[in-house]
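Coordinate analysis (summary)
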Amino acid sequence: MSDALARALAPGIVPVVVAEAAEVAAPLAEALEAAGVATAEVTLRTSAAPEVIRRMVASSSLVVGAGTVRTAADVDAVVEAGAAYVVSPGLSRRVVERCREHGVPVLPGVATPTEAMAAAELGAHLVKFFPAEANGGVGALRALSAALPGSRFVPTGGITAASLRHYLEIPEVVACGGSWMVTPQLLDTGAFDVVRRLSLEAVAVARVARGTR
């Protein structure tokens, strides 16, 4: 794991951002930094995403990643925008290889032991367990991680403030991704005080779960 990615994931929280307007980038970054979050995953679910990445990188010290990256062309676009790491919903050899060409860390999405083993064969030992809740949640991830001691996980998908602690108590979980603190509604209405409060609460839960309070 690169130093930048380790710093990004250290607080244990990865806000997963779906932003319709680039104007939210700077106030969002400010709110997340104030809460002690070190990163955000900006998903390529909107046309504004590359510019959001660019503005968050320019306006903050956050380690900004790009999510929902599905093709080599996507990799090129987000790296050009300044993304420090890439997250994919599934396992694509071409995405992994293009990230390697750029020297950018990649977290491919996996849901099964077969996919996690295939990711490890490509050199990706840190993977995204997705969609976490739909694939059995905490119990499934405990079983998966026990069978694959060399792999580390960032579960994402359906995780809430209430379930966060249970994921973070799994030793192989490096951090958790979630959108409850950065919902599109909060961003669209400019409720960055709420973003900050919910993010602060998430960071506090992570500290307790890891025994670092």
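Figured I'd write up the structure that's included with this text. (Residues numbered from 1 in each chain as written. Predicted model: local features only at pLDDT ≥ 70, side-chain atom pairs only at ≥ 80, totals over all residues. Heavy atoms only, no water.)

1. Re the nonpolar core
- In terms of nonpolar packing, the biggest core is built from 65 residues, with L28, L32, M56 and V195 touching the most fellow members.
- Broken down by element, this core gets its largest block of residues, seven residues, from helix 10 (residues 192-210).
- Here L28 is in contact with V17, M56, V182, L187, F192 and V195, once residues within four sequence places are set aside. (Core = buried A, V, L, I, M, F, W, Y, C linked by side-chain atoms within 4.5 Å. Buried < 20%, exposed > 50% of the residue type's maximum accessible area, 1.4 Å probe, protein only. Helix = DSSP H or I, 4+ residues; strand = E, 2+ residues; numbered from the N terminus. Contact = heavy atoms within 4.5 Å.)

2. Comments concerning the environment of P15
- Structurally, P15 is set in strand 1 (residues 13-17).
- Separated by 167 residues in sequence, P15 and V182 place their C-alpha atoms 6.6 Å apart.

3. What to know about the layout of surface pockets
- In this model, the largest pocket occupies a volume close to 260 Å³.
- Around the largest pocket, the lining comprises 16 residues; the ones closest to its centre are P105, V106, G123, A124 and H125.
- Of all elements in the fold, only helix 5 (93-102) and strand 5 (106-107) reach the threshold of two or more residues within the lining of the largest pocket.
- Across the lining of the largest pocket, the residue classes break down as eleven nonpolar, three polar and two charged. (1 Å grid on protein atoms, 1.4 Å probe; cavity = no way out; pocket = protein on both sides within 12 Å on 5 of 7 lines; lining within 4 Å. Points joined across faces, edges and corners; volume = space filled by probe spheres on them. Nonpolar A, V, L, I, M, F, W, Y, C, P; charged D, E, K, R; others polar.)

4. Details of the pattern of salt bridges
- Enumeration according to the criterion identifies ten salt bridges in this entry.
- Put simply, R54 and E80 hold a salt bridge, and the shortest N to O gap is 2.6 Å. Note that R54 is positioned in helix 3 (residues 49-59) and E80 in helix 4 (residues 72-81), a separation of 26 residues in sequence.
- Counted as one network, the salt bridges with shared partners bring together D76, R93, R94, E97, R98 and E101. (Salt bridge = Lys/Arg side-chain N within 4 Å of Asp/Glu carboxyl O.)

5. Here's the deal with the packing of aromatic side chains
- Counted by the stated rule, this structure contains zero aromatic pairs.
- Geometry around F130 places K128 over its ring, the cationic atom sitting 4.2 Å from the centre. (Phe/Tyr/Trp six-rings, centres within 6.5 Å; stacked < 30°, edge-to-face > 60°. Lys NZ or Arg CZ within 6 Å of the ring centre and 35° of its normal.)

6. Some details on the sheet that holds strand 8 (residues 152-155)
- Taken in spatial order, the three strands line up as 6-7-8 in an open sheet, and their pairing is parallel. Both edges of this open sheet fall to strand 6 (109-110) and strand 8, since each of them pairs with a single strand only.
- Pairing between strand 7 (residues 126-129) and strand 8: four bridges, direction parallel. Residue pairing across strands places L126 opposite R152, the latter belonging to strand 8. (Pairing = 2+ DSSP bridges.)

7. Some remarks on the environment of A48
- Tracing the backbone shows A48 in the loop between strand 2 (39-43) and helix 3.
- The sequence separation of A48 and V154 amounts to 106 residues, and the corresponding C-alpha distance is 25 Å.
- Residue contacts for A48: discarding those within four places in its chain leaves A19, E20, A21 and A22.

8. Here we look at the side chain of K128
- Within the secondary structure, K128 is located in strand 7.
- Ignoring anything within four residues of it in the chain, the contact list for K128 reads E41, V87, S88, P89, L107, P108, G109, V110, V154 and T156.

9. Some remarks on the sheet that holds strand 2
- What the six strands build is an open sheet, ordered 5-4-3-2-1-9; its pairing is parallel. Looking at strand neighbours, the two that pair on one side only are strand 5 and strand 9 (176-178), the edges of this open sheet.

10. A word on the environment of L62
- Within the secondary structure layout, L62 lies in the loop between helix 3 and strand 3 (63-67).
- Given the relative accessible area of 7%, L62 is considered buried.
- Excluding its chain neighbours within four sequence positions, the residues that come into contact with L62 are A29, L32, E33, V37, A38, T39 and M56.

11. A closer look at helix 4
- All of the buried residues along helix 4 are A72, V75, V78 and A81.
- In this structure, the buried side of helix 4 is in contact with helix 3, strand 3, strand 4 (85-87) and helix 5.
- Looking one or two residues beyond helix 4, the residue adopting positive phi is G82, at roughly 110°.

Such coordinate-based values are descriptive only and should not be taken to indicate function.
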